[in-house]
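Summary of structural features
Listed below are the residues making up each chain.
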Amino acid sequence: MLIVDTREKERAIGTILSDFTKAGIEYRREALNVGDYMLADRPSIVVDRKQNLLEVAHNLGQDRKRFDKELARAEANGVHLIFLVEHGYSIETLRDVQSWVNPRLKDSPLAISGERLYQKMLALQNRYGIEWQFCNKRNTGKKILELLGAEHGTEE
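Summarised in this report is the structure supplied together with it. (Residues numbered from 1 in each chain as written. Predicted model: local features only at pLDDT ≥ 70, side-chain atom pairs only at ≥ 80, totals over all residues. Heavy atoms only, no water.)

Describing the pattern of salt bridges
Note the following rule: For this analysis, a salt bridge means a side-chain nitrogen from Lys or Arg found within 4 Å of a carboxyl oxygen belonging to Asp or Glu. Strands are runs of DSSP state E lasting at least 2 residues, helices are runs of H or I lasting at least 4, and numbering of each runs from the N terminus. Exposure is judged per residue with a 1.4 Å probe applied to protein chains only, and the accessible area is read against the type maximum: over 50% gives exposed, under 20% gives buried, and values in between give partly exposed.
For the structure on display, the rule yields 13 salt bridges. Between Arg-49 and Glu-8 there is a salt bridge, and its shortest N-O distance comes to 2.9 Å. One end of the pair, Arg-49, is in strand E4 (residues 42-50); the other, Glu-8, is in the loop between strand E1 (2-5) and helix H1 (10-22), with 41 residues separating them in the sequence. Residue classification places Glu-8 among the buried positions, given a relative accessible area of 8%.

Considerations on the nonpolar core
Counted only if it meets this: To form a nonpolar core, buried Ala, Val, Leu, Ile, Met, Phe, Trp, Tyr and Cys residues must be joined to one another through side-chain atoms within 4.5 Å. Contact criterion: two residues are considered in contact whenever any of their non-hydrogen atoms come within 4.5 Å of each other.
Counting residues in each nonpolar core, the largest one holds 28 residues, and the members touching the most others are Leu-53, Val-97, Leu-117, Met-121, Trp-132 and Phe-134. Listed by contribution, the elements that provide at least two residues to this core are helix H2 (53-59), helix H3 (64-76), strand E5 (80-86), helix H4 (114-128) and strand E6 (131-135). Apart from the residues lying within four places of it in its own chain, the contact partners of Phe-134 are Leu-53, Leu-84, Val-85, Ile-91, Glu-92, Thr-93, Leu-94, Val-97, Met-121 and Lys-143. Counting 18 residues, the second largest nonpolar core, distinct from the first, contains Leu-2, Val-4, Cys-135 and Leu-145.

In structure tokens, the structure reads:
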């Protein structure tokens, strides 16, 4: 049984939930302490979905205090947190973030650059043991199942 955090908006995850159903994965909605997706029988691995690098930049900037609290909660509870960033085909690895051009740089020269965002993400990975994964929005559901080890259904 897969658990989907109740803070994930239905309209944003319809395709993801459909992918779970097509794969024969049962799921239920429940408030999670950290992240957005986990297997009920394997709570030590959790996937937190980010819609793109702009959301990550926001989390590591204006929303940093809340983000750090979530990382600390995961660490305190022995949870391996995997951030799945839906950024499309141009970003496939953490190293690719270095070449990302933040669209907000046009309006604000103080917006974070791809290089600086990469450095922050790498530092968090090293500090907390988190993992950064990337995918195209069309593949998010399948990638979540893959990361949680649930590609072929949770029923035996």
